[in-house]
Amino acid sequence: MRIAGIDIGAKRDATVVAELDGRVLRRCKALPVPTDYNDVLEALRQAHSVNDLVVLDRTGVGDPLFDLLAPECPRLAAARIIRGGKIKVIGREINVGKMALMGITRRALSTGRVKAELPPHEAERLRDELKNFGAKAGRSVGQIKLEARRGHDDMVLAVGLALLGRGLWGSGQLVEVARCHGCGDAA
């Protein structure tokens, strides 16, 4: 089973495509910054053409991209990254707490359940992002923000989305997308 997770970048963040092949993380490619959304659309179509499932970060900029691509990409699921640690699935859409997404990623990589076979520059960037990801005090009293203490968290989020997709697909929770598994598309 091949699954891609895509974290959509905005002005200063890269769009990252992470691809799992079974239990092996084979790709974690960052597109150039600033983001050219034509390149992002092409990367999404490419990922959809070679993967059984693509989980797209629908938070913010990803929202119109999902709406544009959903009709032509039946194996595309949308994830909204929210506060907290819960996961809720409705059809092709997933609400996932950033804390849950980070927990899935750290557990899978630190326990060896997923093996990273990445080019050296991708492996180094992913290690740096995992090391620098943590909690920060938010603006409100008692609020905690999960994000990179320095640098970016784009690769970590893309890998988390792919791992989330793998887990939900395997448990049968992505019903709408699972019905389309193996169906033809325009790719």
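Once a new chain begins, its residue numbering starts again from 1 and follows that chain's sequence as written. With the structure being a predicted model, the display of local features is reserved for residues of pLDDT at least 70 and the display and counting of side-chain atom pairs for 80 or more, all residues being used for whole-chain, interface and lining totals. Only hydrogens and water are set aside when side-chain values are computed; all heavy atoms of the structure are taken into account.

**Student:** How should I be thinking about the pairing of strand 3 (residues 24-30) in this particular structure?
**Tutor:** Consecutive side chains of a regular strand alternate in pointing toward one face of the sheet and then the other. At least two DSSP bridges between two strands are needed for those strands to be called paired. The way it works is that DSSP assigns letters per residue, a run of H or I at least four long becomes a helix, a run of E at least two long becomes a strand, and they are numbered from the N terminus. Two elements, strand 2 (residues 16-21) and strand 3, share 6 bridges in a ladder whose sense is antiparallel. Following the sheet pairing, Asp21 is matched in strand 3 by Val24. Sheet analysis places strand 3 next to strand 8 (residues 115-116), joined by 2 bridges and oriented parallel. Paired with Leu25 across the bridge in strand 8 is Ala116.

**Student:** Before we go on, may I ask you to explain the sheet that holds strand 6 (residues 87-90) in this structure?
**Tutor:** Two orientations exist for strands paired in a sheet by backbone hydrogen bonds: parallel and antiparallel. Taken in spatial order, the 8 strands line up as 6-7-5-4-1-2-3-8 in an open sheet, and their pairing is mixed. The sheet terminates laterally at strand 6 and strand 8, the two strands that pair on one side only. Pairing of strand 5 (residues 76-82) with strand 7 (residues 93-97) involves 5 bridges; the strand directions are parallel. Across the sheet, the residue bridging to Ile82 is Gly97, located in strand 7. Packing against the sheet, helix 2 (residues 62-69) makes contact with strand 4 (53-57) and strand 5, and its axis sits at approximately 165 degrees to strand 5. Every residue pair with non-hydrogen atoms within 4.5 Å of one another is taken to be in contact. A fitted line through C-alpha atoms serves as each axis, taken over the contacting stretch for helices, and the angle formed by two N-to-C directions is quoted from 0 to 180°.

**Student:** What am I meant to see in the environment of Leu164 here?
**Tutor:** By the element assignment, Leu164 lies in helix 5 (residues 154-170). In the structure, Leu164 is positioned 109 residues away from Val55 in sequence and 8.3 Å away in space, judged by C-alpha atoms. Apart from the residues within four sequence positions on either side, Leu164 is in contact with Ile87, Ile94, Val96, Leu101 and Ile104.

**Student:** Whenever I open this one, the packing of helix 3 (residues 98-110) against helix 5 confuses me. Can you help?
**Tutor:** It is the contact of helix 3 with helix 5, at a shortest axis distance of 9 Å, that shows an interaxial angle of 85 degrees. Considered as vectors, helix 3 and helix 5 are oriented roughly perpendicular to each other. Between helix 3, through Lys98, Leu101, Met102, Ile104, Thr105 and Ala108, and helix 5, the contact on the second element is made entirely by Val156, Leu157, Val159, Gly160, Leu161, Leu163 and Leu164. Here the residues of the contact of helix 3 with helix 5 are counted per class, giving 10 nonpolar, 2 polar and 1 charged. Should an angle fall under 35 degrees it is called roughly parallel, over 145 degrees roughly antiparallel, and 65 to 115 degrees roughly perpendicular, with every other angle called oblique. Charged means Asp, Glu, Lys or Arg here, nonpolar means Ala, Val, Leu, Ile, Met, Phe, Trp, Tyr, Cys or Pro, and polar covers whatever is left, Gly included.

Geometric values such as these leave the question of function open.
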